[in-house]
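# Commentary on secondary and tertiary structure
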Amino acid sequence: MTSKARGTAYGAWLLLAISAISLILAAVATFNEGNGIAHTPGTYLVLTSTALLLVGSLLLALWHGLPRWLGGLLTFLLLLDLLGTGLAAYLLQTEWLLGAVGVGLVAWLIHVIADPATGTRNQHKTQRQGAAS
């Protein structure tokens, strides 16, 4: 029996790229002395949240054997991280980071709505159920 090739999860890969860019922008905002917000607790919080966003999106993009509940939980936590980071970027007046988080929300929507990886999990489950009966 041949297995079908898995579809590419474009939304997860786009979210990974945007989270890497967001981490760089947060690091610049945290350590650039000329912006007026460097070395404040808010910038360290945003730096931490973007690092967690990078780790979560890396897991989502690379770990294809996630159980369904864990993938859903990780996707929900990534949404909370994007919204919290976006609010903090708005309050810190870091427009580039706010724009990156906005693109990250679009990538999250692409992942939730259109990524073929979600359908593939259901297809494997259906094949197992068909083989069992």
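Everything that follows concerns the structure shown earlier in this document.
Every value quoted in this text rests on a predicted model; they were computed, and no experiment measured them.

## Some remarks on the packing of helix H1 (residues 10-31) against helix H4 (residues 95-114)
In contact at an axis separation of 8 Å, H1 and H4 are set at 165° when each is read in the N-to-C sense. Accordingly, the angle class assigned to the pair H1 and H4 is roughly antiparallel. When the axes of H1 and H4 are compared, the crossing they make is left-handed. Between H1 and H4, the residues in contact are Gly-11, Ala-12, Leu-14, Leu-15, Ile-18, Ser-22, Leu-25 and Ala-26 and Trp-96, Leu-97, Ala-100, Val-101, Val-103, Gly-104, Ala-107, Ile-110 and His-111, respectively. Grouping the amino acids of the contact of H1 with H4 by side-chain chemistry returns 13 nonpolar, four polar and no charged.

## Some details on the packing of aromatic side chains
Aromatic ring pairs: the centre-centre distance and the angle between the two ring planes describe each pair. What the rule picks out here adds up to one aromatic pair. Judged by centre distance (6.2 Å) and plane angle (75°), the ring pair of Phe-31 and Tyr-44 falls under edge-to-face. Here Tyr-44 lies in helix H2 (residues 41-62) and Phe-31 lies in helix H1, a separation of 13 residues in the sequence.

## Thoughts on the packing of H1 against H2
Following both chains from N to C, one finds H1 and H2 inclined at 160°, their axes separated by 8 Å at the closest point. The angle between the axes of H1 and H2 places the two elements in the roughly antiparallel class. The handedness of the crossing between H1 and H2 is left-handed.

The rules behind each value
- Residues numbered from 1 in each chain as written.
- Predicted model: local features only at pLDDT ≥ 70, side-chain atom pairs only at ≥ 80, totals over all residues.
- Heavy atoms only, no water.
- Axes fitted to C-alpha atoms, helices over the stretch in contact; angles between N-to-C directions.
- Helix = DSSP H or I, 4+ residues; strand = E, 2+ residues; numbered from the N terminus.
- Parallel < 35°, antiparallel > 145°, perpendicular 65-115°, else oblique.
- Left-handed = near helix turned anticlockwise from the far one by under 90°.
- Contact = heavy atoms within 4.5 Å.
- Nonpolar A, V, L, I, M, F, W, Y, C, P; charged D, E, K, R; others polar.
- Phe/Tyr/Trp six-rings, centres within 6.5 Å; stacked < 30°, edge-to-face > 60°.

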